[in-house]
Amino acid sequence: MSDQGTMKRDANDYLTYYNASGKVRTFSGIQPSGEVHIGNYLGAISNWVKFLDDYDCFFCIVDHHATTIAYDPARMPARVFDAAVANIAAGLDPERCVIFVQSEVPEHTELAWVFNTVTPFGDLSRMTQFKQKSQQHEENINVGLFTYPVLQAADILLYKASAVPVGEDQVQHIELAREIARKFNTRYGDVFPECQAHLTPAKRIMGLDGENKMSKSLGNTIGLLEEPESIWKKLGPAKTDERRKRKTDPGVPEDCNVYTSYHSYFSSPEDLSWIQEGCTTAGIGCLQCKKRLFKNMLAVLDPIREKATGLRARPDFVHEVLSAGAERCRGIAAEVIEEARTAMGLHRNRV
Ligand code: TRP
């Protein structure tokens, strides 16, 4: 299979790859973290879905990245499967994108080695995620954690993806990936595009505590596939504007986490003005406001949860999607690696 496209400079003068049909490739990585929560959905997946029509999309469950943190091997297959189910259910339609598992395409790690040799040590030492993670996992500061962004660059560039939809915390890694592409191209000729981050419109989605970003390790999440009763048990006691001690105290929606973090994404403009009016005049209580949120959330989450249940009932289908995805990727990866090897003179028979 040939996947020959062209490299051209885009409107911003970034070297960009267009596939054989003239489409730009999109790549993003999914951590198999165990639980997918609404922060992941609002902050990442729902943004990826918007790329499906206009871009040639690749989504990768990054199991090799996940192994930089100590883990239980027996649990890994389920983590990967669950990530696939949640992401497909949330809108990564396998008919319109490639979804696959990183370790099933060995060229990722091969290209990561190649990129190790053009990545400045100093650049890697400045990565904030490395600094954070090495503080959180003092007992296991392995070299893989340090070169994590190099593998990430390989993920993207192995498919010559130019558009990388990510949250703000990943921008530094994408900029480094672009730098790595430039370093390689300068030394060996233009093989890789200068990838760019496409920021998710949703900013940090706060957790139920209203103090930290929603995160599994902090236990402040609402699961994307969580049962309605369980979601309601969390929403009921969730923190609101502190001014509203009693129902008769007026509040300020902008100072309420329930409003800013959740209503603003799940509720209609009509509902938002109903809250503005009702909250500031103490016309509605927090419970009433949360009930409306619950209803609006379920309108989005019910179909996703039902889709996931359907997928779980057909595990073979999910596995087929992932196998076909990896197969498609190996085809492209082999060609791009070949191109890189040739550029680098790693060809005994072409002396
Ligand atoms: N590092 C990313 C994260 O933690 C996951 C990731 C791996 C990724 N490879 C990628 C994201 C390539 C974008 C592109 O979220």
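Here the structure is shown first, and the text comes after it.
Here's what I pulled together on the structure shown here. Just so we're clear, the structure is a prediction, and the values are computed from it rather than from any experiment.

Surveying the vicinity of the ligand reveals 13 residues, the closest of which are Gly29, Tyr148, Gln152, Asp155 and Gln170. One nitrogen or oxygen atom from the side chain of Tyr148 is found 2.8 Å from a nitrogen atom belonging to the ligand. At 3.0 Å from a nitrogen atom of the ligand is found a side-chain nitrogen or oxygen belonging to Gln152. Against a free-state accessible area of 370 Å², the protein chains account for coverage of 90% of the ligand. Ranked by the residues each element gives to the shell around the ligand, the list is headed by helix H7 (residues 143-157), at 4 residues. Class assignment for the residues of the shell around the ligand results in 6 nonpolar, 6 polar and 1 charged.

Turning our eyes to something else, we now look at the pairing of strand S2 (residues 15-18). Neither face of S2 is open: one carries Leu15 and Tyr17, the other Thr16 and Tyr18, and all of them are buried. Sheet topology places strand S1 (residues 6-9) next to S2; 4 bridges connect them, and they run antiparallel. Bridge pairing in S2 links Met7 to Tyr17.

With that out of the way, let us pick up the nonpolar core. If you look at the biggest cluster of nonpolar residues, it comprises 60 residues, and the most contacted ones within it are Ile38, Phe59, Leu92, Ile222, Leu235, Tyr262 and Met297. Domain assignment of the residues forming this core places at least three in each of domain 1 (6-206 + 314-344) and domain 2 (226-308). Discounting chain neighbours no more than four positions away, the residues touching Leu92 are Ile30, Ile45, Trp48, Val49, Phe59, Asn87, Cys97 and Ile99. Among the nonpolar cores identified, the runner-up in size contains 44 residues, and Ala112, Tyr159, Phe184 and Cys195 belong to it.

Another aspect to go through is the packing of helix H11 (residues 269-280) against helix H12 (residues 286-312). In contact at an axis separation of 11 Å, H11 and H12 are set at 170° when each is read in the N-to-C sense. One finds that H11 runs roughly antiparallel with respect to H12. When H11 is examined against H12, the residues Asp271, Trp274 and Ile275 are found in contact with a partner set consisting of Gln288, Cys289, Arg292 and Asn296.

Calculation criteria
- Residues numbered from 1 in each chain as written.
- Predicted model: local features only at pLDDT ≥ 70, side-chain atom pairs only at ≥ 80, totals over all residues.
- Heavy atoms only, no water.
- Near = heavy atom within 4 Å.
- Polar contact = N/O pair within 3.5 Å; in protein donor to acceptor, adjacent residues only side chain to side chain.
- Areas by Shrake-Rupley, 256 points an atom, 1.4 Å probe, with all protein chains shown as cover.
- Helix = DSSP H or I, 4+ residues; strand = E, 2+ residues; numbered from the N terminus.
- Nonpolar A, V, L, I, M, F, W, Y, C, P; charged D, E, K, R; others polar.
- Buried < 20%, exposed > 50% of the residue type's maximum accessible area, 1.4 Å probe, protein only.
- Pairing = 2+ DSSP bridges.
- Core = buried A, V, L, I, M, F, W, Y, C linked by side-chain atoms within 4.5 Å.
- Domains from an automatic or database assignment.
- Contact = heavy atoms within 4.5 Å.
- Axes fitted to C-alpha atoms, helices over the stretch in contact; angles between N-to-C directions.
- Parallel < 35°, antiparallel > 145°, perpendicular 65-115°, else oblique.

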